[in-house]
Amino acid sequence: MNQDLFTGNLVRLTTLDIEQVSEAESRWSRDSEYWRLQAGETYRPYSVQATKKLYEKYVKEDDPTMFAFIIRTIDDDRMIGEVGLDGIHWNHGDCFVGIGIGEREFWGKGYGTDAMNVILRYAFTELNLWRVSLNVFEYNPRAIRSYEKAGFVHEGRVRAALNRAGRRWDIIYMGITCQEWQSLHS
Amino acid sequence: MEIKDPLFEGKNIRLASINYEKDAEIESKWTHDPEYMRPLRPEPVRPLTPAQVKKKYEAIEKEEEETKSLYHFTIRLCEDDRLVGIVRLDWVDWANGNAHLTIAIGDPADQRQGYDAEALQLLMRYAFTELNLYRLSAVMVEFNEAGLDLFEKAGFVEEVRRRQAQNRDGRHWDVIHLGILRSEWEMQQRSVEI
């Protein structure tokens, strides 16, 4: 039995402190590269108030198909990003995972992969889901490598689904089943 | 394609709006058939009363109006206006020119008549020449062989296979994402004309 379900090697997952996360998310939303790496929606900066409203709605609705967390460093408790499961279909055990490291100095250093490992463990050993899906844009090779390291398998690409920076890009789908996850961690 | 060509009229069927009074009764009957319901949505199947169906119609029209990202049509026979199915575009993404297409024929007796193929052609033409989308997606579970056949015949290709993403009748099935680009559809149209 793992007593420390929300702690990895570099990061731990914590609850949404709405004040803090709204401020950070609004700041991160000014970084168009960050935004376009992790969101398919048309980019625009979001105010602290608009972001806060979204989080308040999430907390109030207590939607059983979503679990969202803040990613904090173990070292100094710094909030560096977010990770969450959404679109959970409990009847099928399927869901999607989304992750973003908003603080650029933590890119490419294993923090995202560590957070992904923690949330996969949560998905498979606490929520008892059958599989976890994600999609990622073809111009984000750093994320693709991180997902491969966490055990995700390529499942295909939606051709030319994004139109950004003057050209078309594929959206890549990846997935991991509970058996695959177990065989990696046994 | 000319401006005067009717967008919503096929040979046997036409695309039309919802008729609240007449359709709710019929659609409620369809919802008792898991073979109709299961391919449509991943949610657990449950039958709906005509009153519940009517409420759903209100929600559909509200969403169409407010989001501008949903286009829902009924499929009706040209000869007697009878409702035989539905076809819709969800999640229209205007910035990227993408949308998700769903189609279903309600009564088993109306299946294999080519109504869905005709409706699919009309909706593709609408999506590519009126909404000016760049591509279309459709998501189907692997047990829906008729659906896969229909879309592949219409020129969609398999793009993604999410392994074991649905659990039904005690086993896990792959969920298949299909897609077609406008350029592929245009090529098809040209070869039809020649």
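Below you will find a few notes about this structure.

## Things to note about the interface of chain B and chain A
Listed per partner, the contact involves 26 residues of chain B and 27 residues of chain A. Surface buried jointly by chain B and chain A totals about 2,100 Å² across both partners, of which 45% is contributed by carbon and sulfur atoms. Counting the surface chain B buries against chain A, the share from its top three residues, B:Asn96, B:Arg162 and B:Arg163, is 31%. At the boundary of chain B with chain A, the tally comes to five salt bridges. In this structure, the salt-bridge partner of B:Arg163 is A:Glu155, at a minimum N-O distance of 2.7 Å. The interface formed by chain B and chain A holds 19 residue pairs in polar contact (both at pLDDT 80 or more) in total. Put simply, the parts of the chain that give the side of chain B that touches chain A at least two residues each are β5 (135-141), β6 (157-168) and β7 (171-181) of chain B. It is β6(B) that provides the largest number of residues to the side of chain B that touches chain A, a total of eleven residues. The residue makeup of the side of chain B that touches chain A, split by class, is nine nonpolar, nine polar and eight charged.

## Looking at the pairing of β7(B)
All names here are of chain B. Buried residues dominate β7, accounting for ten of its eleven residues. For β5 and β7, the ladder comprises seven bridges, and the chain directions are antiparallel. Pairing of Val139 across the sheet is with His177, part of β7. Linking β6 to β7, which pair antiparallel, is a turn of two residues; within it Asp169 sits at a positive phi near 55 degrees.

## Examining the pattern of salt bridges
This structure, assessed with the given rule, holds 36 salt bridges over all chains. Between A:Arg27 and A:Glu23 there is a salt bridge, with its nearest N and O atoms 3.0 Å apart. Separated by four residues within a single helix, A:Arg27 and A:Glu23 lie in helix α1 (residues 18-28), roughly one turn from each other. A relative accessible area of 37% means that A:Glu23 is categorised as partly exposed. The shortest N-O distance in the salt bridge between B:Glu186 and B:Arg182 comes to 3.8 Å. With a gap of four residues between them, B:Glu186 and B:Arg182 both fall in helix α6 (residues 182-193), about one helical turn apart. What makes B:Glu186 partly exposed here is its relative accessible area of 35%. Via salt bridges that share partners, A:Asp94, A:Arg131, A:Glu155, A:Glu180, B:Arg162 and B:Arg163 belong to a single interconnected network.

## A look at the state of the cysteines
According to the stated counting rule, one finds zero disulfides over all chains in the structure shown. Between A:Cys95, a free cysteine, and A:Cys178, which holds the nearest cysteine sulfur, the sulfur-to-sulfur gap is 11 Å.

## Quick notes on the side chain of B:Ser137
Tracing the sequence through the fold places B:Ser137 in strand β5. Engagement of the side chain of B:Ser137 in a polar contact is seen with the side chain of B:Asn98, the distance being 3.4 Å. Beyond its immediate chain neighbours, meaning those up to four positions away, B:Ser137 contacts A:Val158, B:Asn98, B:Ala99, B:His100, B:Leu101, B:Phe156, B:Leu178 and B:Gly179.

## Quick look at the packing of helix α4 (residues 111-125) of chain A against helix α5 (residues 141-150) of chain A
Residues and elements named next belong to chain A. Between α4 and α5, whose axes approach to 9 Å, the crossing angle comes to 40 degrees. Taken as axis vectors, α4 and α5 run oblique relative to one another. Remark: the crossing between α4 and α5 carries right-handed chirality. Of the residues in α5, those in contact with Gly112, Thr113, Met116, Asn117 and Leu120 of α4 are Ser146, Tyr147, Lys149 and Ala150. Looking at the contact of α4 with α5, its residues break down into four nonpolar, four polar and one charged.

## Considering unusual backbone geometry
Backbone geometry places A:Ala160, a non-glycine residue, at a positive phi of 55 degrees. Structurally, A:Ala160 can be placed in strand β6 (residues 153-164). Its identity as a non-glycine residue notwithstanding, B:Trp91 has a phi of 50 degrees, on the positive side. Assignment of secondary structure puts B:Trp91 in strand β3 (residues 83-93). In this structure B:Trp91 comes out as exposed when scored by relative accessible area, which is 60%.

## Some points on helix α3 (residues 50-67) of chain B
All names here are of chain B. Compared with the 26 Å implied by 1.5 Å per residue over 18 residues, the 25 Å span of α3 between its first and last C-alpha is a close match. Listed as buried for α3 are Val53, Tyr57 and Ile60. Down the axis, α3 shows its buried residues gathered within 60 degrees of arc, on one side only. Exposed residues pointing more than 90 degrees away from the buried face of α3 are listed as Ala51, Lys55, Lys62, Glu65 and Glu66. Its buried side turned inward, α3 meets α1 (20-30), β2 (71-77) and β3. Two residues or fewer past α3, Lys68 is found with a positive phi of approximately 55 degrees.

Reading the values: rules and limits
- Residues numbered from 1 in each chain as written.
- Chains lettered and ligands numbered in written order.
- Predicted model: local features only at pLDDT ≥ 70, side-chain atom pairs only at ≥ 80, totals over all residues.
- Heavy atoms only, no water.
- Contact = heavy atoms within 4.5 Å.
- Buried area = accessible area lost by both parts, 1.4 Å probe.
- Salt bridge = Lys/Arg side-chain N within 4 Å of Asp/Glu carboxyl O.
- Polar contact = N/O pair within 3.5 Å; in protein donor to acceptor, adjacent residues only side chain to side chain.
- Helix = DSSP H or I, 4+ residues; strand = E, 2+ residues; numbered from the N terminus.
- Nonpolar A, V, L, I, M, F, W, Y, C, P; charged D, E, K, R; others polar.
- Buried < 20%, exposed > 50% of the residue type's maximum accessible area, 1.4 Å probe, protein only.
- Pairing = 2+ DSSP bridges.
- Disulfide = S-S within 2.5 Å.
- Axes fitted to C-alpha atoms, helices over the stretch in contact; angles between N-to-C directions.
- Parallel < 35°, antiparallel > 145°, perpendicular 65-115°, else oblique.
- Left-handed = near helix turned anticlockwise from the far one by under 90°.
- Expected span 1.5 Å × (residues − 1).
- Arc of directions from axis to C-beta.

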